[in-house]
Amino acid sequence: MATVVELIRYPIKGCAGTPCDRALLTPAGLAHDRAFMVVDADGVFRSQRRDPRLAPIRPEIDAAGERLTLHRPGADPVTIDVDTTGPRRDVRLFDSAFRGIDQGDAAADWLSHALGADSRLVRVPPEHERVTDGAIPGTAGYADSSPLHVLSRTSLALLDARLAERGEAPLPMTRFRPNVVVEGWVEPHTEDRVRRCTVGEAELGYAKLAIRCAVTMVDQETGAKAGPEPLRTFADYRRAPRGGVAFGGKFAVLRPGRLAVGDELVVTEWGPAEL
């Protein structure tokens, strides 16, 4: 039996995750997941690829999404009232243009100091409409692609075993920034073969493999770059047919609903793995 053992939302794209025991799964993923994004002076998103110091910034948002507090080691926190009605501005996520609502000077000053570069915080506007790609398309806030990232502990155990063969230390699950962590599958990478499943009140549909990038080489506690692992080891056994290396699955939300740690994940349709 496959069971949800961790649920993690990431209110600000690129910043630390917030574990939760239960959550509402919306069409765009876990409630408040990647609802905010840090951008530079030109409105281009900041990522751990370029700004690894995002990693130890820990956001906390209330259930209603109305108050956001930012924490980081060695600094006083800042709390803001979330603005959902202010002027929209142009922002860019990879090659796509979107709109965002600026969250004010207090958050901007705090983030600029934390990152050592001029930064602003924006929120997804209520009218945000985005169609994500994959076998089953979905929608998302400022996530890289699909709204939900699912990863199993068995897959991580295989990676850690291969790292040990190289004399490398095991890596924590936080390196891979999943939303749903599953335990109970015997075979590693079983998530690659799931096409439809139910969990709690929700139903998920497979979109695509999760292609991994340099963010996996950032220590999520310190914000320090710590490569070349795991990308070096992934290259030995997880090369994706369309390029890159894959670890975990991306899923669209077919039916929203509540889910919780301890819920059984029931696979209702299987398919062949792409890798």
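In this report, we go over the structure that sits alongside the text. Since we're looking at a predicted model, the values are computed, not measured.

## A word on the overall build of the protein
Scanning the protein for helices and strands turns up three helices and 18 strands. Taken over the C-alpha trace, the protein has a radius of gyration of 18 Å; the compact-globule value for 275 residues is 19 Å, and the two agree within 12%. Taken along its principal axes, the extent of the C-alpha atoms in the protein is 50 × 40 × 35 Å. Residues classed as buried in the protein amount to 53% of the 275 residues present. As displayed, the protein offers around 12000 Å² of accessible surface, 50% of which is attributable to carbon and sulfur atoms. A gap of 3 Å separates the mean positions of the 36 positive and 39 negative side-chain charges of the protein.

## Description of unusual backbone geometry
Here G227 and P228 are connected by a cis peptide whose omega angle stands at 15 degrees. Along the chain, P228 turns up in the loop between β15 (202–212) and α3 (231–237). Here the residue pair E229 and P230 is connected by a cis peptide bond, since its omega of 10 degrees sits within 30 degrees of zero. One non-glycine residue, F94, adopts positive backbone phi at about 55 degrees. On the secondary structure map, F94 appears in the loop between β9 (88–93) and β10 (96–102). At H189, a position not held by glycine, the phi torsion is positive, near 65 degrees. By secondary structure assignment, the location of H189 is in the loop between β13 (180–183) and β14 (194–199).

## Let's talk about the sheet that holds strand β17 (residues 257–260)
Taken together, the three strands give an open sheet; going across it, the order is β4-β3-β17, and neighbouring strands pair in antiparallel fashion. Taken across any chain shown, the strands that pair with only one partner, and hence form the sheet edges, are β4 (29–30) and β17. In this structure, strand β3 (residues 22–26) lies alongside β17, joined through four bridges in antiparallel fashion. In the sheet register, R22 faces β17, and the bridge partner there is A260.

## As for the pairing of strand β5 (residues 36–39)
Burial along β5 is two-sided: the face carrying F36 and V38 and the face carrying M37 and V39 are both buried. Here β5 pairs with strand β11 (residues 120–123) via four bridges, running antiparallel. Looking across to β11, one finds that M37 is bridged to V122.

Cut-off values and rules
- Each residue is numbered by its place in its chain's sequence as written, counting from 1.
- Only residues with pLDDT of at least 70 get local features here, since the model is predicted, and only at 80 or more are side-chain atom pairs given and counted; chain-wide, interface and lining totals rely on the full set of residues.
- Excluding hydrogens and water, the side-chain values take into account all heavy atoms of the structure.
- The secondary structure listing takes helices from DSSP runs of H or I that are at least 4 residues long and strands from runs of E that are at least 2 residues long, numbered from the N terminus.
- In this setup the radius of gyration rests on C-alpha atoms only. A globule is expected at 2.2 Å times the number of residues raised to 0.38.
- The classification of residues rests on relative accessible area computed with a 1.4 Å probe and restricted to protein chains. Under 20% of the type maximum is buried, over 50% is exposed, and intermediate values are partly exposed.
- The Shrake-Rupley method, run with a 1.4 Å probe, gives the accessible areas here. Residue values count only the displayed protein chains as cover.
- A positive count includes Lys and Arg, and a negative count includes Asp and Glu. His and the chain ends are not counted in either.
- Taken as the charge centre is NZ of Lys, CZ of Arg, CG of Asp or CD of Glu, depending on the residue.
- At least two bridges found by DSSP between two strands are what make those strands a pair.

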